[in-house]
Amino acid sequence: MRELLKKPSFRIAFVGALFVLVCLVYFARMFVIVATADPDDKIETGTYTRTEPIQALRGEIYDRNGNKLVYNEYSYDMVFDYDAMAATQVERNVTILQAVKALEERGLAGQRGESSFPFSGTYPNYTYTAEARDGSSNIYYRLLKRIAEDELETDAPVNKTQLTVAILDNFYSENPEAFPAEKEIVDWFISRYKINEKNELGEPMFTDAEIDAILRVRYDMEVADFSPYVRYTFAEDVDVSFVTYIKELRLVGADFEIEIERKYAYPGYASHILGRTGAILAENWEYYEALGYNMNDIVGIDGCEAAFEEHLRGVDGVRVIVEDKNGNIIRSHVEKEPIPGKDVYLTIDIDLQIAAEKALARNVNLVGDAHAGAITAIDPKDGDVLVLASYPTFDLTTYGQDYNNLAGDAHNPLLNRALNAYTPGSAFKVGMVAAGITTGAVNSQTSFYCAGADPVSTGM
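The structure displayed is predicted, hence computed values, not measured ones. Along each chain, residues carry numbers from 1 onward, in the same order as the chain's sequence is written. Totals for whole chains, interfaces and linings use every residue, but because this is a predicted model, local features are given only for residues with pLDDT of at least 70 and side-chain atom pairs only at 80 or more, for both listing and counting. Only hydrogens and water are removed before side-chain values are computed, so all heavy atoms of the structure are retained for them.

Examining the overall build of the protein chain
Then step 1. Secondary structure counts use DSSP, requiring at least four H or I residues in a row for a helix and at least two E residues in a row for a strand, with both numbered from the N terminus. The number of helices and strands found in the protein chain is 17 helices and 14 strands.
Then step 2. Throughout, exposure labels follow a simple rule: accessible area from a 1.4 Å probe, protein chains only, divided by the maximum for the residue type, with under 20% read as buried, over 50% as exposed, and the rest as partly exposed. For the protein chain, with 460 residues in total, the buried portion stands at 35%.
Then step 3. Residue pairs in contact within the protein chain that sit at least 24 positions apart in sequence constitute 68% of those at least 6 positions apart.
Then step 4. Accessible areas in this description were obtained via Shrake-Rupley with a 1.4 Å probe; residue shielding takes into account the shown protein chains only. When the accessible area of the protein chain is evaluated, it comes to approximately 28,300 Å², of which 55% is carbon and sulfur surface. Residue contacts follow a heavy-atom distance rule, with two residues in contact if any of their heavy atoms lie within 4.5 Å.

Describing the nonpolar core
Then step 1. Buried residues of nine kinds, namely Ala, Val, Leu, Ile, Met, Phe, Trp, Tyr and Cys, make up a nonpolar core once their side-chain atoms join them within 4.5 Å. The biggest cluster of nonpolar side chains holds 53 residues, and the ones touching the most others in it are Met78, Phe80, Leu215, Phe234 and Phe242.
Then step 2. Beyond its immediate stretch of four places on either side in the chain, phenylalanine 80 contacts Met85, Thr95, Ala99, Met221, Phe226, Arg231, Tyr232, Phe234, Gly253 and Ala254.
Then step 3. One finds Val70, Leu274, Ile350 and Leu388 within the second-largest nonpolar core, a separate group that totals 20 residues.

Observations concerning the side chain of asparagine 72
Then step 1. Turning to its location among the elements, asparagine 72 is positioned in strand S3 (residues 68-80).
Then step 2. As used in this structure description, the phrase polar contact means that two N or O atoms lie within 3.5 Å; if the pair is within protein, one of them must be able to donate a hydrogen and the other to accept it, and residues adjacent in sequence are counted only when both atoms belong to side chains. A distance of 2.7 Å separates a polar atom in the side chain of asparagine 72 from the backbone oxygen of arginine 58.
Then step 3. At 2.9 Å, the side chain of asparagine 72 forms a polar contact with the side chain of arginine 262.
Then step 4. Look past the residues within four positions of asparagine 72 in its chain and what remains in contact with it is Leu57, Arg58, Glu60, Ile260, Glu261 and Arg262.

Some thoughts on the confidence of the model for the protein chain
Then step 1. Per residue, pLDDT captures the predictor's confidence, and it can take any value from 0 to 100. Averaged over the protein chain, the pLDDT score is 85; the fraction of residues at 70 or greater is 85%.
Then step 2. Counting interchain partners and residues more than four positions distant, the pLDDT-below-50 stretch residues 36-44 has eight contacts.

Quick look at the pairing of strand S10 (residues 317-323)
Then step 1. Of all seven residues making up S10, five are buried, and the element is well covered by its neighbours.
Then step 2. Direction of pairing for strand S1 (residues 48-54) relative to S10: antiparallel, over a ladder of seven bridges. Looking at S10, one finds that tyrosine 48 is bridged to glutamate 323. Two strands pair if DSSP finds at least two bridges between them.

Re the environment of tyrosine 293
Then step 1. Of note, tyrosine 293 is situated in the loop between helix H10 (285-290) and strand S9 (298-300).
Then step 2. With relative accessibility at 7%, the residue tyrosine 293 sits in the buried group.
Then step 3. For the pair formed by tyrosine 293 and valine 315, sequence separation is 22 residues and the distance between their alpha carbons is 8.9 Å.
Then step 4. Those residues in contact with tyrosine 293 that sit more than four places away from it in its chain are Ile280, Trp285, Tyr288, Val299, Glu309 and Arg313.
Then step 5. Within polar-contact distance, the side chain of tyrosine 293 engages the side chain of arginine 313 at 3.3 Å.

A closer look at the pattern of salt bridges
For side chains bearing opposite charge, pairing can occur when the charged atoms are close.
Then step 1. For this document, the term salt bridge refers to a Lys or Arg side-chain nitrogen within 4 Å of an Asp or Glu carboxyl oxygen. As enumerated under the stated definition, the model contains 20 salt bridges in all.
Then step 2. Residues lysine 68 and glutamate 60 are paired through a salt bridge, measuring 3.6 Å at the closest nitrogen-oxygen approach.
Then step 3. Since its relative accessible area comes to 15%, glutamate 60 is described here as buried.
Then step 4. For the salt bridge of arginine 216 with aspartate 212, the shortest nitrogen-to-oxygen distance reads 2.9 Å. Remark: aspartate 212 and arginine 216 occur in helix H7 (residues 208-223); sequence separation between them is four residues, near one turn of the helix.
Then step 5. On the basis of relative accessibility, which here comes to 25%, the residue arginine 216 falls in the partly exposed class.
Then step 6. A cluster of three or more residues bridged by salt bridges with shared partners is formed by Asp81, Arg231, Lys247, Asp255 and Glu257.

Some words on the packing of helix H6 (residues 182-192) against H7
How two helices sit against one another is set out by the angle between their axes and by the gap between those axes.
Then step 1. Two elements in contact, H6 and H7, have axes whose closest approach is 11 Å; the angle formed by their N-to-C orientations is 85°. Of the possible angle classes, the one that applies to H6 and H7 is roughly perpendicular. Of H7, the residues touching H6 (which contributes Val186, Phe189, Ile190 and Arg192) are Ile211, Leu215, Tyr219 and Glu222.
Then step 2. Residues of the contact of H6 with H7, tallied by class, amount to six nonpolar, no polar and two charged. Working convention: axes come from line fits to C-alpha atoms, limited for helices to the stretch in contact. Angles between N-to-C directions cover 0 to 180 degrees. Here the word oblique covers every angle except those under 35 degrees (roughly parallel), over 145 (roughly antiparallel) and from 65 to 115 (roughly perpendicular). Lys, Arg, Asp and Glu make up the charged group, whereas Ala, Val, Leu, Ile, Met, Phe, Trp, Tyr, Cys and Pro make up the nonpolar group; the residues left over, Gly among them, are polar.

Okay, here's the thing in structure tokens:
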């Protein structure tokens, strides 16, 4: 054997055979991987896979003649996805600044929505807002939570943070002069978010105005619990042109959620009948959870929206999206198609409803001491309800902004008087007689004594 190894031809053949064997093992392994791999699995490195819901259309509501009463309208909210955003604080700051400038350039700065920022003025000349020093405001308690985290450590346990907030609240209420100065809080946030970083030349990366813009967004992100589980809504109800503009900028981590808003074809009319939609209330969550709803689903709150919820609701779909490390979409597919809700047709005649509401309002106002009333109209041929008018009423399109006034109104415009305010009185006698005749309990010779008072109170 030793002699064979000394021969050059044998050594070459041996090395060649070994090389071929290694290649065969390598290709066999590659074949197994390719043959058994799921085509939907990502094999790219540095990619991020996420899912997003595809909101199902809610059914629309029509009157008896096919007139559309309630319909859907699309709007777009710009959001940031935690996992899809750049990993470093500095890169996130750059992305946020680009987004702020994009809103300003497109004239949509007002779409940023409500802010929890506790300071007025601009960087570095901040002063606390009145709400930030008001012990009963949400802005105050959100600020205390940030101070508590500074006292403890970033991302401290919730129970420990809450205890510290309570201690700080009690301390500052007794020692208001000890409340941290604006600069102390601001400097902590700027350092935490690395907004004060310098470039390669040793110069500040951001101007004072840019620091102000970034700091406001970063603070609101934290207040909103921006995390891998919670996306941050940066701007609400933006138009399609802005969606296109942001897509062209390729902002890392920026995405859009399509919101479907309920619209009313006859604002201010049939409001009690149609009803509202809204988020699931905490006290009703167990009921809806048992029916397969998600916690952030929109449901019917009252009126027909609630009465026909099982018909109007749709079932959301799911889209799977794969992005590279720069936030570019590599591929996406619909994993589950959304199922739209069913349309509902009412027996109400909207033209008669409007005429009845106008007449009711006019006649109530003609009577000096009257403040409310109701009209009901039923088709005698088949019992269909044609009109349910209640006064005073309200406008569903402005319900949110009008709520405090509506709820505090002594005449209770939110009450549906056509159904819930008045006892039927003598009109109910007709129905009772009809039922008695139908069942044979009474006939044309049957009589009843009436004392003109409640039988219970008269002892009868």
